[in-house]
Amino acid sequence: MDRVRCRTLFGKYVHLPREKLTLRAAVYGVILHEEKILLLSVRHTGRYCFPGGGVEVGEPLTVALRREIREEAGIEVDIGPQIHFQEDFFTTIRWTWHFTAFFSTSAATR
């Protein structure tokens, strides 16, 4: 049985069976405004992250990013170019992900 090294919520690592992984695509916006970058605080870890989240099956990345930013930050944005891609293997109490994240620049429209 193949095992995959997965990062936990608190930065530790565990080896889990490959078949436990679920592929999850996500998008995140790097939003610059007046020389500041918008970050959100994660309640249960105290860490900061860019606004964004999961992509629904069949949903274009730009549509998903606009939706996630609207849901999390309450603002509308124009999506700029993709600037980074990151792959991760991540586990929580509920889920174990093979995580693919796309980062794009974004600018608030209002």
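Scroll up to find the structure this text is about.
Model, not experiment: these values are computed from the prediction. (Residues numbered from 1 in each chain as written. Predicted model: local features only at pLDDT ≥ 70, side-chain atom pairs only at ≥ 80, totals over all residues. Heavy atoms only, no water.)

Engineer: Summarise the packing of aromatic side chains; cite the residues concerned and give the values.
Structural biologist: Tallied over the entire structure, the rule returns 5 aromatic pairs. Arranged with centres 6.1 Å apart and planes meeting at 80°, the rings of F50 and F103 form a pair that is edge-to-face. Of this pair, F50 sits in the loop between β6 (48-49) and β7 (52-54) while F103 sits in strand β9 (residues 96-108), placing them 53 residues apart in sequence. On the numbers, 5.1 Å between centres and 55° between planes, the contact of F85 with F102 is tilted. Note that F85 is positioned in strand β8 (residues 77-91) and F102 in strand β9, a separation of 17 residues in sequence. Its relative accessible area of 40% is what places F85 among the partly exposed residues. Aromatic ring contacts, followed pair by pair, group Y28, F50, F99 and F103 into a single cluster. (Phe/Tyr/Trp six-rings, centres within 6.5 Å; stacked < 30°, edge-to-face > 60°. Helix = DSSP H or I, 4+ residues; strand = E, 2+ residues; numbered from the N terminus. Buried < 20%, exposed > 50% of the residue type's maximum accessible area, 1.4 Å probe, protein only.)

Engineer: Tell me about the nonpolar core, and name the residues and values.
Structural biologist: The biggest cluster of nonpolar side chains holds 8 residues, and these are V27, I31, A64, L65, I69, I75, V77 and I79. The dominant element in this core, judged by the number of residues it contributes, is helix α1 (residues 61-73), at 3 residues. Once you skip the residues sitting within four places of it in the chain, I69 turns out to touch G29, I31, P51, G74, I75, V77 and S106. Counting 7 residues, the second largest nonpolar core, distinct from the first, contains A26, F90, F99 and F103. (Core = buried A, V, L, I, M, F, W, Y, C linked by side-chain atoms within 4.5 Å. Contact = heavy atoms within 4.5 Å.)

Engineer: Before we move on, can you summarise a nonpolar patch on the surface with the specific residues and values?
Structural biologist: On the surface, L32, I37, L39 and Y48 cluster together into a nonpolar patch covering about 440 Å² of accessible area. Assignment of secondary structure puts L32 in strand β3 (residues 22-33). (Patch = residues over 30% accessible without salt bridge, like charges linked within 9 Å, V, L, I, M, F, W, Y side chains within 5 Å. Areas by Shrake-Rupley, 256 points an atom, 1.4 Å probe, with all protein chains shown as cover. Salt bridge = Lys/Arg side-chain N within 4 Å of Asp/Glu carboxyl O.)

Engineer: I'd love a proper account of unusual backbone geometry, names of residues and values included.
Structural biologist: Of note, E34 is a non-glycine position whose phi angle comes to about 50°, a positive value. Tracing the backbone shows E34 in the loop between β3 and β4 (36-37). Owing to a relative accessible area of 65%, E34 belongs among the exposed residues under this scheme. Of note, the phi angle at E35 is positive, near 65°, even though the residue is not glycine. The topology assignment puts E35 in the loop between β3 and β4.

Engineer: I'd love a proper account of the side chain of S106, names of residues and values included.
Structural biologist: Relative to the assigned elements, S106 resides in strand β9. Given a relative accessible area of 6%, S106 falls into the buried group.

Engineer: Kindly report on the pairing of strand β2 (residues 13-17), identifying the contributing residues and their values.
Structural biologist: Summarising the sheet, strand β1 (residues 3-8) and β2 pair through 5 bridges and their orientation is antiparallel. Paired with R7 across the strands is Y13, a residue of β2. As consecutive antiparallel partners, β1 and β2 are separated by 4 residues, and within that stretch G11 has a phi angle of approximately 85°, a positive value. (Pairing = 2+ DSSP bridges.)

Engineer: Tell me what's going on with the pattern of salt bridges, and back it up with residues and numbers.
Structural biologist: Per the counting criterion, the structure on display carries 6 salt bridges. D2 is the salt-bridge partner of R18, the closest N and O atoms lying 3.5 Å from each other. Residue R18 is located in the loop between β2 and β3, and its partner D2 is located in the segment before β1; the two are separated by 16 residues in the primary sequence. The exposure class of D2 is partly exposed, given its relative accessible area of 48%. Where E76 meets R70, a salt bridge forms, and the shortest distance between an N and an O atom there is 2.8 Å. We classify E76 as partly exposed; its relative accessible area is 22%.

Don't take any of this as a statement about function, it's just geometry.
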